[in-house]
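A closer look at the structure
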Amino acid sequence: MHMKYDVGWRLIQDPPQDAFTNMAVDEAIARVLADSGSGDPRSSLRIYDWRPNSVSVGYFQKTSDVVDSLGLNGTEKNCDIVRRPTGGTAVVHDSGPSFSLSLKDGLRTPSTRINITELYSMLGRCVVEALHRLNVPADVWSGPKGNSNYSSLCISSLCHYDVVSNGRKVAGYAARRLRGATLLQGYISLPDGLTTRELRGTMIAAVEGVTGVRLLDGTLTEEERTLVAKLRNEKYTRREWNYKR
């Protein structure tokens, strides 16, 4: 049975921001959503970029291992390192947009949690459709799970519903359940010859086409902005969080 979604989602298109702000915004949206009433779900799709280049480490990874494998040492190479609130493996954010999707649990039936597998499947179809609109060959991966070589990087591993193009992984995602909502974070590698603006535009059109949801331009609420500042300053910029493993 396919998932049913809200008629409209809030669309937030952010300019490039540092890694710590990006993660704080994603978590703040999801947490405010989780605490909201059933009559005001405020499901949101956010599309954003990173500046400077950044590495986001999966929640369960050991950051020092990722840093060593990439030859980094803190931020001395003008590269921010941040731990995501979601799982998965590390992603180097040096081109192409990232996105987050925050969905309220029980959109149609109270106490019904989002089906993560169906959500991944839906996002895979959205990314494939977005790339096809730009004449880029792409397919959802349906082969066996596993690493193409040993690495802590996301691009080196393939899981069901990841997107591949010309023999390489170009998109992946990870999820985090909160009590009352689900946060999903993903990325798309920028194909040669295309711009981030083009990819953003086709992704928005693809999400609307695949899900039947209307995306409505919006901004953060005052409650979300307050929580963003708190999460950025007290969590995502702290070494205790980023190197907790």
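The text that follows walks through the structure, step by step, so that each part is easy to find.

Procedures and definitions
Residues numbered from 1 in each chain as written. Predicted model: local features only at pLDDT ≥ 70, side-chain atom pairs only at ≥ 80, totals over all residues. Heavy atoms only, no water. Phe/Tyr/Trp six-rings, centres within 6.5 Å; stacked < 30°, edge-to-face > 60°. Helix = DSSP H or I, 4+ residues; strand = E, 2+ residues; numbered from the N terminus. Buried < 20%, exposed > 50% of the residue type's maximum accessible area, 1.4 Å probe, protein only. Lys NZ or Arg CZ within 6 Å of the ring centre and 35° of its normal. Expected span 1.5 Å × (residues − 1). Salt bridge = Lys/Arg side-chain N within 4 Å of Asp/Glu carboxyl O.

With that out of the way, let us pick up the packing of aromatic side chains. Evaluation of the coordinates by the stated rule reveals five aromatic pairs. Geometrically, the ring pair formed by Tyr59 and Trp241 is tilted, given 5.7 Å between the ring centres and 45° between the ring planes. Taken together, the positions of Tyr59 in the loop between β3 (54-57) and α2 (63-70) and Trp241 in helix α6 (residues 239-242) put the pair 182 residues apart, joining distant regions of the chain. In terms of burial, Tyr59 and Trp241 fall into one category: buried. Trp241 sits in the buried class, given a relative accessible area of 10%. A connected cluster of aromatic rings, assembled from ring pairs, spans Tyr59, Phe60, Tyr236 and Trp241. The ring of Tyr48 has Arg46 lying over it, and the distance from NZ or CZ to the ring centre is 3.8 Å. One cation-aromatic arrangement involves Arg239 over Tyr243; the distance from NZ or CZ to the ring centre is 4.0 Å.

The subject of this paragraph is helix α1 (residues 19-35). One full turn of an α-helix is made of 3.6 residues, so residues set three or four places apart face in the same direction. Spanning 17 residues, α1 covers 25 Å between terminal C-alpha atoms, matching the ideal 24 Å at 1.5 Å per step. In terms of burial, α1 is a largely internal element, 15 of the 17 residues being buried.

Another aspect to go through is the pattern of salt bridges. Under the definition given, this model contains 10 salt bridges. For the salt bridge of Asp18 with Arg232, the shortest nitrogen-to-oxygen distance reads 3.2 Å. Here the residue Asp18 occupies a position in the loop between β1 (8-13) and α1, and Arg232 occupies one in helix α5 (residues 222-236), the gap between them amounting to 214 residues. Arg232 sits in the partly exposed class, given a relative accessible area of 24%. Linking Arg200 and Asp49 is a salt bridge whose minimum nitrogen-to-oxygen distance equals 2.7 Å. With a gap of 151 residues between them, Arg200 in helix α4 (residues 196-211) and Asp49 in the loop between β2 (44-48) and β3 connect regions that are remote in the sequence. A residue is classified by how much of its surface remains accessible, and Arg200, at 11% relative accessible area, is buried. It is possible to trace a salt-bridge network through shared partners that takes in Asp14, Asp26 and Arg46.

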